[in-house]
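Residue-level structural notes
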Amino acid sequence: MEVIAALLMAALTGIIVIGFVFRAVGLSLVWYDEIASIGLCWLTYYGSALAALRGAHIGFPGIVNAFPPSLRVASTVVAEIIVLVFFVILTVTGLEVLDILQGSTLVSLPNVSLVVTQSVIPITAVLFIIAELMRFPEVLAAARGAGFEDHELKEALDTVQETPASGGTPR
């Protein structure tokens, strides 16, 4: 997932630089805007799947940690089920969209099928499902144990502790 996200980032950067250079010399590329938009969508979807694999999506660990362990486990299981159902629906809907788009092509590059460009939706939805299932034992263990670590709070506290006080010494 990291390699895919890095390759998409590099490709998108290259496309943007090429588009900028060509526009600067007065030779705008017909396909630039459409391909850059699609590249950004792909980067967003694959980057989100990578974030899901790392457990880096928005959550509310402080609220969930305030629950007693039994309620924490139940709410975690319900939340995971809701996420999985959503991504199953997204996968099915994405496949239906691909079926509808059969025969359609990009405006600027008529040789490129919209099925290829929109395949990112069901593919990454399946990757999300896989990521959630892979992380579920870890998430369940955290819910059963001491609770979830608030990564943002931990990072903020680490930053505060590393910042020198007015006297020049760390706190």
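Everything below is about the structure shown above.
Let me sum up the structure you'll find in this document. (Residues numbered from 1 in each chain as written. Predicted model: local features only at pLDDT ≥ 70, side-chain atom pairs only at ≥ 80, totals over all residues. Heavy atoms only, no water.)

**Side note on the overall build of the protein chain**
Looking only at helices and strands, the protein chain features 7 helices and 0 strands. Since a compact globule built from 171 residues should have a radius of gyration of about 16 Å, the 22 Å found for the protein chain marks it as more spread out than a globular shape. Expressed along its principal axes, the backbone C-alpha trace of the protein chain runs to roughly 60 × 50 × 20 Å. Looking at the protein chain as a whole, 27% of its 171 residues qualify as buried. Taking contacts inside the protein chain between residues at least 6 apart in sequence as the whole, the part at least 24 apart equals 69%. For the protein chain, the exposed surface amounts to about 11100 Å²; the carbon and sulfur share of it is 71%. (Helix = DSSP H or I, 4+ residues; strand = E, 2+ residues; numbered from the N terminus. Rg over C-alpha atoms; globule rule 2.2 N^0.38 Å. Buried < 20%, exposed > 50% of the residue type's maximum accessible area, 1.4 Å probe, protein only. Contact = heavy atoms within 4.5 Å. Areas by Shrake-Rupley, 256 points an atom, 1.4 Å probe, with all protein chains shown as cover.)

**Observations concerning helix H4 (residues 69–100)**
Taking 1.5 Å per residue as the helical rise, H4 with its 32 residues ought to reach 46 Å, and the 46 Å between its terminal C-alpha atoms agrees with that figure. Where H4 is concerned, the buried positions are Arg72, Val73, Thr76, Glu80, Phe87, Thr91, Gly94 and Leu98. As for H4, its buried residues are in contact with helix H3 (61–65), helix H5 (114–118) and helix H6 (120–144). (Expected span 1.5 Å × (residues − 1).)

**Some thoughts on the nonpolar core**
Ile15, Tyr32, Ala36 and Leu106 are the most contacted members of the largest nonpolar core, which totals 15 residues. If you list the elements that add at least two residues to this core, you get helix H1 (2–24), helix H2 (32–54) and H6. Of the residues forming this core, the biggest block, 6 residues, is contributed by H2. In this structure, Ala52, Phe87, Ala125 and Phe128 belong to the second largest nonpolar core, which totals 7 residues. (Core = buried A, V, L, I, M, F, W, Y, C linked by side-chain atoms within 4.5 Å.)

**Quick word on the side chain of Arg135**
Topologically, Arg135 is positioned in helix H6. Look past the residues within four positions of Arg135 in its chain and what remains in contact with it is Ala52, Leu53, Arg54 and Gly55.

**Here we look at the environment of Leu95**
As for its placement among the helices and strands, Leu95 is situated in helix H4. Between the alpha carbons of Leu95 and Ile123 there is a distance of 9.2 Å; along the sequence they are 28 residues apart.

**A word on the pattern of salt bridges**
Per the counting criterion, the structure on display carries 3 salt bridges. One salt bridge connects Asp33 with Arg23, and the closest N-O pair in it is separated by 3.0 Å. A residue pair is termed long-range when its members are at least 10 positions apart, and Asp33 in helix H2 and Arg23 in helix H1 qualify at 10 residues. Its relative accessible area of 44% is what places Asp33 among the partly exposed residues. Of the charged contacts in the structure, one is a salt bridge between Glu138 and Arg135, with a shortest N-O distance of 3.7 Å. A residue pair is termed a helical-turn pair when its members lie 3 or 4 positions apart in one helix, as Glu138 and Arg135 do in helix H6 at 3 residues. (Salt bridge = Lys/Arg side-chain N within 4 Å of Asp/Glu carboxyl O.)

**What to know about the side chain of Thr124**
Tracing the sequence through the fold places Thr124 in helix H6. Residue classification places Thr124 among the buried residues on the basis of a relative accessible area of 1%. With sequence-adjacent residues up to four places away left out, Thr124 is seen in contact with Tyr45, Tyr46 and Ala49.

**Considerations on H2**
Here H2 contains 23 residues, and its C-alpha end-to-end distance of 32 Å stays within 8% of the 33 Å for a straight helix at 1.5 Å per residue. Regarding H2, the residues found buried are Tyr32, Ile35, Ala36, Ile38, Gly39, Leu43, Tyr46, Ala49, Leu50, Ala51 and Ala52. The inward-facing, buried residues of H2 abut H1, H5 and H6. Looking one or two residues past H2, Gly55 carries a phi angle of roughly 70 degrees, positive in sign.

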